[in-house]
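Coordinate analysis (summary)
Read off the chains here:
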Amino acid sequence: MFKLMRKYPILNYYFTKFFAYFLTIFGALTITFFMFRLIPANPIENWLRSLEAQYSLTIDGGDAMVNSYKEKFGMTGTLWQQYVRYMYNVIFHFDLGPSFINFPRPVSELLAEALPWTMGLLAVSISISWVLGLLVGAVAAWFRDSPVSGTITNISIALSQVPAYLIALFLVLFIGYQWKLLPTRGAFDGQYAIGWNLDFIRSVARHSILPALAIVTVSLAAWILSTRSLVISNLGEDYLLYAEAKGLKSGDIMTKYALRNAMLPQATGLALTMGSMMSGQLLIEHMFVYPGLGQVMGRAIAIFDYNAMMGLIILSVVSVMTASLAVDLLLPVIDPRIRTAIKA
Amino acid sequence: MWNLMKNCWRTSGKFRFGAVVLVVLVGLALVAPVIYRPIIGNRSPARPGQFQRWLPPSGTHPMGTDGHGRDLLTNYLAGLRTTLYIGFLAGVISTTVGVSVGFYSGYKGGGIDAVLLTITNMLIVIPSYPILVAIAMVTPELTVATMSLILALFAWPFSARMIRAQVMTMKERAYVELAKVSGQGDLAIIFTEMMPNLTPYLLMGFAFSVVGAMVAEVAIEAIGLGPSNIITLGLMINYANGWGVYSMGRFEILLIPVAVLVLIFAAITMINRGMEEYLNPRLQKVTTEK
């Protein structure tokens, strides 16, 4: 095998990437597992308390009861045994264990229910801001001496590091509360039947505008800036001079030459952003009471639900790493320059 | 460093804007006790029930009082002070750790570098927010220092990775080779040859960590999962939401902390960008000629 890898450097490249993929995921999960277990919290106690509050009764947390729950949640034995058992279940059975927040339903079911909402909201807002960012960024680079372009750039710089939840607060205040244009809580109105009917879909769309707008505002700014600097750094290249000398229209030069060369890094960026969307906007969902992963996280943290929190983090780590692995594997196929670099 | 600042100031309007805003806000935070002493005397701004609740703005309370009977102006200033301080402290801690790891990793190379880089990458992919909230929740008597330490825990890998990349390229430069050949020790090379050239990157990494720590801090406080004994701008946002200031018509109670935070983030980003443009003239629109 090693002989083969020495003969074909590309195999070596793929092997390294796969190895790093599994190693990083495994390491990240291990670190998270121990970090959670070493935090001195008592989820079972918390959970019994929350049951008491919920049903207004007194639960005598006798040893037998606590122990039986400990067993169900995989909290018996030494830390090391717990770790081995947990990782074994996750890796070989894809079993994330039962949740505390919705006992006895498994964590994987809870996540699967919340996932479509998060993915719907984020996939749409990320795509919108990516396309808009690319276009506006390219135009801002092309007309870089005009005052309008300067203003756009400066506003984008100012907004690019502002967290989306601060923008969301403004939107809720003015659009949601003051002018009462759009709803600010939940993902749909309760009065419509859930399913593929027009009323329900319209209600879902209306509820998603404000959270999406908050996300788009900030990420649009970042895409505009990165596209602008990518295109500007292409502007000095010889092939653009050549294109101009050939007498091509400047609009064609901008879209087919300058922007096109900025596409590759931006497509990579899009894949990575999509990967991190699971954890990127948990707070936005929390603020808008959106039934996605952010809700699950808020409830899980409140009573320290190990299993649900680990489940969320696993989901996020795996999707980030998978997106970046996909990019790494595809890049040599798409970009001949990288192929050459690997061979060297 | 002074020269770098002067050059950035001269070349970049963004840098000037950011620097002015930041200096004003930091100045306000520094003189805050002088401003609020006449209003609350020697009491802590966080103590509830000092005045009547919900007083409108007046001469004695320029911004009125809140639902806990505290003077609002005092609380904004105290919040600004703590938020900036936590950001600064967390930035210092994470930059120190990040720079040490980044330098060690990039300079040594080989096996050590591979191990450190792997650990750094593992930490970077873990979404820090749930873990930060969890740690903040169970830490008893959370002080400003422990809060900063917790925030720095997940912030350092980013500066480590950035510094490592810079060190890797700088290691190959002729003047570093020359220093090596002339028999200088590793530490001497790092501190006398490489550090001065990396100053701008250190500053940018520092600014990045400060922003990151403040964003996380506000995110934890704003949804009410942080400590309630330290007044920060995030906690003010949480209180304002909890009191339902919208329905009382007192929008400014929510808008002021949000606007101040947006200003801080914008200012730091502008400073960073200004520095980047000075260092990398290709980002300036004037230097690239078609």
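Residues numbered from 1 in each chain as written. Chains lettered and ligands numbered in written order. Predicted model: local features only at pLDDT ≥ 70, side-chain atom pairs only at ≥ 80, totals over all residues. Heavy atoms only, no water.

1. Side note on the overall build of chain A
Secondary structure assignment for chain A yields 16 helices and zero strands. Each principal axis of the C-alpha atoms in chain A carries an extent, and together these give about 85 × 70 × 40 Å. Per-residue burial for chain A yields a buried fraction of 45% across its 344 residues. Intrachain contacts of chain A at a sequence separation of at least 6 include 73% that bridge at least 24 residues. Total accessible area on chain A stands at roughly 17300 Å², and carbon and sulfur atoms take up 66% of it. In chain A, 24 positive and 19 negative side-chain charges are present, and the distance between their average locations comes to 10 Å. (Helix = DSSP H or I, 4+ residues; strand = E, 2+ residues; numbered from the N terminus. Buried < 20%, exposed > 50% of the residue type's maximum accessible area, 1.4 Å probe, protein only. Contact = heavy atoms within 4.5 Å. Areas by Shrake-Rupley, 256 points an atom, 1.4 Å probe, with all protein chains shown as cover. Lys, Arg positive; Asp, Glu negative; His and termini not counted. Charge placed at Lys NZ, Arg CZ, Asp CG, Glu CD.)

2. Description of the overall build of chain B
Regarding its fold elements, chain B presents twelve helices and zero strands. In sequence order, the secondary structure elements of chain B are arranged as α-α-α-α-α-α-α-α-α-α-α-α. A buried classification covers 53% of the 290 residues belonging to chain B. Looking at chain B alone, contacts between residues at least 24 apart form 66% of all its contacts between residues at least 6 apart. For chain B, the exposed surface amounts to about 12600 Å²; the carbon and sulfur share of it is 66%. Of the side-chain charges in chain B, 21 are positive and 14 negative, and the distance between the mean point of each set is 5 Å.

3. Let's talk about the domain arrangement of chain A
All names here are of chain A. Per the domain assignment, the segments making up chain A are domain 1 (18-93) and domain 2 (108-343). Centre-to-centre separation of domain 1 and domain 2, based on C-alpha positions: 34 Å. A buried area of about 1800 Å², summed over both sides, lies between domain 1 and domain 2, and 80% of it is on carbon and sulfur atoms. Remark: the boundary between domain 1 and domain 2 carries zero salt bridges. At the junction of domain 1 and domain 2, the tally comes to one residue pair in polar contact (both at pLDDT 80 or more). Taken together, the elements giving at least two residues each to the side of domain 1 that touches domain 2 come down to α2 (9-38), α3 (43-55) and α5 (79-93). It is α2 that provides the largest number of residues to the side of domain 1 that touches domain 2, a total of eleven residues. (Domains from an automatic or database assignment. Buried area = accessible area lost by both parts, 1.4 Å probe. Salt bridge = Lys/Arg side-chain N within 4 Å of Asp/Glu carboxyl O. Polar contact = N/O pair within 3.5 Å; in protein donor to acceptor, adjacent residues only side chain to side chain.)

4. What to know about helix α15 (residues 306-334) of chain A
Along its 29 residues, α15 of chain A runs 41 Å from first to last C-alpha, staying within 8% of the 42 Å computed at 1.5 Å per residue. For α15 of chain A, the N-terminal capping position is held by D305 of chain A, with its side-chain oxygen 3.2 Å away from the main-chain nitrogen of N307 of chain A. (Expected span 1.5 Å × (residues − 1).)

5. Some details on the interface of chain A and chain B
The partner chain B presents 45 residues to the 53 residues of chain A that form the contact. Roughly 4500 Å² of surface becomes buried between chain A and chain B when both sides are summed, with 78% attributable to carbon and sulfur atoms. Summed over the shared surface of chain A and chain B, the number is two residue pairs in polar contact (both at pLDDT 80 or more). Where the side of chain A that touches chain B is concerned, the elements lending two or more residues are α2, α7 (147-160), α8 (164-178), α9 (198-235), α10 (238-245), α13 (282-287), α14 (293-303) and α15 of chain A. Counting residues per element, the side of chain A that touches chain B draws most heavily on α8 of chain A, which supplies nine residues. Of the residues in the side of chain A that touches chain B, the class split is 35 nonpolar, 13 polar and five charged. (Nonpolar A, V, L, I, M, F, W, Y, C, P; charged D, E, K, R; others polar.)

6. What about the environment of P200 of chain B?
Residues and elements named next belong to chain B. When you line up the elements, P200 lands in helix α9 (residues 186-222). Residue class for P200 comes out buried when judged on its relative accessible area of 9%. With 75 residues separating them along the chain, P200 and V125 place their C-alpha atoms 26 Å apart. When neighbours within four sequence positions are excluded, P200 is seen to be in contact with L4, M275 and L279.

7. Focus on the packing of aromatic side chains
As enumerated under the stated definition, the model contains 16 aromatic pairs over all chains in all. Between W80 of chain A and Y83 of chain A, the ring centres sit 5.4 Å apart and the planes meet at 35°, which makes this aromatic pair tilted. Pair noted here: W80 of chain A and Y83 of chain A are both in helix α5, with a separation of three residues, about one helical turn. Taking the relative accessible area as the measure of exposure, W80 of chain A reaches 57% and is therefore exposed. Ring centres of Y239 of chain B and W243 of chain B lie 5.3 Å apart, and the angle between their planes is 20°; this geometry places the pair in the stacked category. One end of the pair, Y239 of chain B, and the other, W243 of chain B, are both in helix α10 (residues 233-243), four residues apart, so they sit about a helical turn from each other. (Phe/Tyr/Trp six-rings, centres within 6.5 Å; stacked < 30°, edge-to-face > 60°.)

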